[in-house]
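The residues making up each chain are set out below.
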Amino acid sequence: MSHTVAVDIGGTHIRVALYEPDSVTPIAHQRTRSLANEPGVYDRLEKAIESVWKNGHVRAIGIASPGPLDPHTGTILATPNIPEWQNFPLTARLSEHFNVPAFLDNDANMAGLAEWQFGAGRGHENIVYLTISTGIGGGVITQGCLLQGFRGMGAELGHMTIDPNGPLCGCGQRGHIESFSSGPSIARYVKEELLAGKRSSLQGEAEITAAQIADAARAGDALAISAFERAGYYLGIAVANFLAIFDPSVLIFGGGVSQVGDLLFKPFEESLRKHTFHPHYLDNLVITRAALGDDAGLLGALALARMKGP
Ligand SMILES: [Zn+2]
């Protein structure tokens with residue numbers, strides 16, 4: 001029996017798991033630190049893989065990692081939490097050491113792939129997956145294929161420009177959808193409104209998070225409610241654009257911010273209807289929450305290795 005190793009590289013930890021064919025329940029797993037201030041990340045990754053390796057006959061390794069990266073060459077270009085990986089040939093190093101093929105793609109693409117294969121997107125062939133948390137990431141399945149693009153940089157949906165004069169995005173550009181609707185962007189808006197003199201129960205809080213704003217909104221705080229209305233409004237504009245490009249049958253939302261529910265999704269759906277160029281895009285369009293939670297990256301890496309591996 002040939003097994004698959006899946007790797008999920010996160011901000012603080014790397015998770016490694018070993019899967020039997022046709023199973024999504026790991027038979028062995030391991031965690032190791034990926035923290036920026038501790039060098040030797042690659043060596044820790046290699047050891048973690050070795051520790052699950054002995055439990056089966058492995059035919060391929062799949063990896064989900066924050067980008068930017070090049071999935072075609074398996075190179076990490078630069079990843080914010082691991083500064084020692086600059087133009088780092090990750091799959092080449094792993095293939096050489098373990099003598100099996102290794103495959104890499106970014107974490108949002110992998111979460112989208114996992115939702116398609118094992119989660120909320122099962123049975124669909126045209127999927128737009130969005131994760132809304134500290135940033136906004138996208139993954140697209142189009143006509144039964146994972147969209148990667150010529151340079152492997154396709155489906156960066158969080159960096160679609162909504163307003164060129166809008167707020168500064170995490171990437172340095174202005175007015176991307178991430179700069180309106182990510183968790184930190186929602187919090188930044190509330191802080192700015194407080195500074196401008198708006199009254200709110202959040203006044204006087206040292207640090208304001210999207211979760212706190214959600215609690216305040218549920219308690220009826222007008223500024224907090226308006227912050228999610230604004231985020232949902234802009235998200236609706238962005239997704240109307242995605243409908244025009246990809247014409248999906250399902251929209252899947254992952255990430256912490258999407259768990260606030262109606263606070264975000266009511267204004268989102270209203271804005272989506274308003275900005276979609278033709279109502280036919282909305283016929284039988286499923287709008288749903290991601291099903292796989294924290295395992296999405298790992299399961300996407302598994303699906304990638306099974307899809308591309310021997
Ligand atoms: Zn951006």
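Structure first, text after, so check above.
Here is what the cut-offs are and how they apply
Residues numbered from 1 in each chain as written. Predicted model: local features only at pLDDT ≥ 70, side-chain atom pairs only at ≥ 80, totals over all residues. Heavy atoms only, no water. Donors = N, O, S within 2.8 Å, 3.2 Å for Na, K, Ca; no water. Tetrahedral: all angles 85-135°; square planar, octahedral: opposite > 155°, others 65-115°. Helix = DSSP H or I, 4+ residues; strand = E, 2+ residues; numbered from the N terminus. Buried < 20%, exposed > 50% of the residue type's maximum accessible area, 1.4 Å probe, protein only. Pairing = 2+ DSSP bridges. Right-handed = clockwise from strand over helix to strand, strands pointing away. Salt bridge = Lys/Arg side-chain N within 4 Å of Asp/Glu carboxyl O. Expected span 1.5 Å × (residues − 1). Polar contact = N/O pair within 3.5 Å; in protein donor to acceptor, adjacent residues only side chain to side chain.

## A few points about the coordination of the zinc ion
Moving on, step 1. Distances from the zinc ion to its protein donors, H159 (ND1), C169 (SG), C171 (SG) and H176 (ND1), fall at 2.0 to 2.3 Å.
Moving on, step 2. For the zinc ion, the four donor atoms in the first shell make angles of 99 to 118° at the metal, so the coordination geometry reads as tetrahedral.
Moving on, step 3. Binding-site remark: the zinc ion is held by donors from one chain whose sequence spacing is H-x9-C-x1-C-x4-H. With H159 in the loop between strand 11 (145-146) and helix 4 (178-181) and H176 in the loop between strand 11 and helix 4, the pair connects residues that are 17 residues apart, well separated along the chain.
Moving on, step 4. Classification of H159 by relative accessible area gives partly exposed; the value is 28%.

## Structural notes on the pairing of strand 12 (residues 250-254)
Moving on, step 1. Along strand 12, five of the five residues are buried, which leaves the element largely enclosed by surrounding structure.
Moving on, step 2. Residue alternation in strand 12 divides its side chains into two sets, V250, I252 and G254 and L251 and F253, and both sets are buried.
Moving on, step 3. Across five bridges, strand 9 (residues 127-132) lies against strand 12 in parallel orientation. Counted as the bridge partner of T131 is G254 from strand 12.
Moving on, step 4. Pairing between strand 12 and strand 13 (residues 286-289): four bridges, direction parallel. Of the residues in strand 13, the one forming a bridge with L251 is I287.
Moving on, step 5. With helix 8 (residues 262-275) bridging strand 12 and the parallel strand 13, this β-α-β connection has right-handed handedness.

## Things to note about the pattern of salt bridges
Moving on, step 1. Summed over the entire model, instances satisfying the criterion amount to four salt bridges.
Moving on, step 2. Here E207 ties to K191 by a salt bridge, and the two come within 3.7 Å at their closest N and O atoms. Taken together, the residues E207 in the loop between helix 5 (183-195) and helix 6 (210-218) and K191 in helix 5 connect sequence positions 16 residues apart.
Moving on, step 3. D215 is the salt-bridge partner of R218, the closest N and O atoms lying 3.6 Å from each other. With R218 and D215 both in helix 6 and three residues apart, this pair spans about one turn of that helix.

## Observations concerning helix 3 (residues 107-118)
Moving on, step 1. Between its terminal C-alpha atoms helix 3 stretches 16 Å, which fits the 16 Å expected from 12 residues at 1.5 Å a residue.
Moving on, step 2. With 10 of its 12 residues buried, helix 3 lies for the most part within the structure.
Moving on, step 3. Turning to helix 3, its buried residues are A108, N109, M110, A111, G112, L113, A114, E115, W116 and F118.
Moving on, step 4. Looking at where helix 3 begins, the residue whose side-chain oxygen comes 3.0 Å from the main-chain nitrogen of A108 is N106.

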